[in-house]
Amino acid sequence: MNIELQWEISVPDGLTDVEALLERVAGACFSTEGIENAAFAVRITDDEGIRELNRTMRNIDSATDVLSFPTVQFPTGRTAKDCPKRLRREYDPYLGKVNLGDCVINLSRAMQQAEEYGHPLTRELAYLTAHSAFHLMGYDHMEEEEKKVMREMEEKALGSLGITRIDYDALFAKACEAMKNAYCPYSKFQVGACILAEDGRTFEGCNFENASYPAGICAERCAAGNAIVHGVRRFAAIAVVGSTAVAWPCGICRQVLREFSDESLPVIVGQFGKGYTVRTLGELLPEGLRPEDLGVTV
Ligand code: THU
């Protein structure tokens, strides 16, 4: 066992397999660091629980998302892999491992952040656990340079499990670029879109209108067609941008996206030069008709 999971609050309905996921996350962090026989405790609490801990242990009277309490101290600039002797000294024969300490996660904050980023709660819990695991192994993010190294380690560990961070800024920038090719002499409303496929490739699209108005196509469906013709069947995210207003996807586009993604699909929507917000497809299209409903698995 790489972790010992303790729920200090009741487990929310529908949240399953957290232990198995965090177990894999911790294992990936240890192998990315290059250490073995380590473990730590993951304690899941709420705003109040973490605030109390922050106050008593760190004299900071506020809630945060995750706190790490290392039991093994590594010299400045060194991490677990550089200190095999120290790890041997800390070996707990009863546990059969080195206990690196405690990772305390605030579930309320994790839920809030998952919603903000438009990704599932399990993904957010995986991030917070990986972040804490690297703290427990001696990493920090006070200086820019060490922050970069710590982030790289987190991404590498999570990436090895197929848990990747979606770069919303980069996807939105590609949608903005695609917007410039919009053909919209009738509405004069330029729209650009960019789909991130599950395999990491990106596919742009723009709206193109027609003298027979209903024959026009939206940017999202243009991007979808571009992805489909390149063999893509599963979408991981989409960014959509409008030139003079936020380009909320139309109903038909929402339904088209539902065919190739589940409800957790992050939809990054914005206006050119004015930033974006992130919604999930489920928020934009609740109860959408799914291919499964007609016995089809995509
Ligand atoms: N349009 C899109 O391409 N995507 C959206 O999300 C909203 C609307 C296009 C269709 C049409 O060419 C123009 O914007 C005005 O409706």
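This write-up is about the structure you can find in this document. Computed from a predicted model, the values in this text were never measured in an experiment.

Conventions used here
- Residues numbered from 1 in each chain as written.
- Predicted model: local features only at pLDDT ≥ 70, side-chain atom pairs only at ≥ 80, totals over all residues.
- Heavy atoms only, no water.
- Near = heavy atom within 4 Å.
- Polar contact = N/O pair within 3.5 Å; in protein donor to acceptor, adjacent residues only side chain to side chain.
- Areas by Shrake-Rupley, 256 points an atom, 1.4 Å probe, with all protein chains shown as cover.
- Nonpolar A, V, L, I, M, F, W, Y, C, P; charged D, E, K, R; others polar.
- Axes fitted to C-alpha atoms, helices over the stretch in contact; angles between N-to-C directions.
- Helix = DSSP H or I, 4+ residues; strand = E, 2+ residues; numbered from the N terminus.
- Parallel < 35°, antiparallel > 145°, perpendicular 65-115°, else oblique.
- Left-handed = near helix turned anticlockwise from the far one by under 90°.
- Contact = heavy atoms within 4.5 Å.
- Buried < 20%, exposed > 50% of the residue type's maximum accessible area, 1.4 Å probe, protein only.
- Pairing = 2+ DSSP bridges.

Let's shift gears to the site of the ligand. Every residue close to the ligand is listed here: S187, F189, V191, N207, E209, C218, A219, E220, A247, W248 and P249. Separating an oxygen atom of the ligand from a backbone N or O atom of A219 is a distance of 2.8 Å. For the ligand, the accessible surface in isolation is 370 Å², of which the surrounding protein chains cover 77%. Residues of the shell around the ligand, tallied by class, amount to seven nonpolar, two polar and two charged.

To continue, consider the packing of helix α1 (residues 18–33) against helix α6 (residues 144–159). It is the contact of α1 with α6, at a shortest axis distance of 8 Å, that shows an interaxial angle of 120°. In terms of axis orientation, α1 runs oblique to α6. Relative to α6, the crossing made by α1 is right-handed. Every residue of α6 that contacts α1 at V25, A28, C29, T32 and E33 is listed here: M153, K156, A157 and L158.

This next bit is on the side chain of S132. Here S132 lies in helix α5 (residues 121–136). Take S132: its relative accessible area is 0%, and that puts it in the buried class. Excluding its chain neighbours within four sequence positions, the residues that come into contact with S132 are V66, L67, S68, D102 and C103.

A few words now on the sheet that holds strand β10 (residues 276–280). Whether parallel or antiparallel, the strands of a sheet pair through hydrogen bonds between backbone atoms. With mixed pairing, five strands are arranged side by side in an open sheet as β7-β6-β8-β9-β10. Since the sheet does not close on itself, it has two edges, and those belong to β7 (202–206) and β10, each with one partner. Neighbouring strand axes in the sheet, compared pairwise and without regard to direction, differ in orientation by 20° on average. Here strand β8 (residues 235–242) pairs with strand β9 (residues 266–271) via five bridges, running parallel. The residue of β9 that forms the bridge with G242 is Q271. Along the sheet, helix α7 (residues 168–179) contacts β6 (191–197), β7, β8, β9 and β10; its crossing angle with β8, the most-contacted strand, is approximately 50°.

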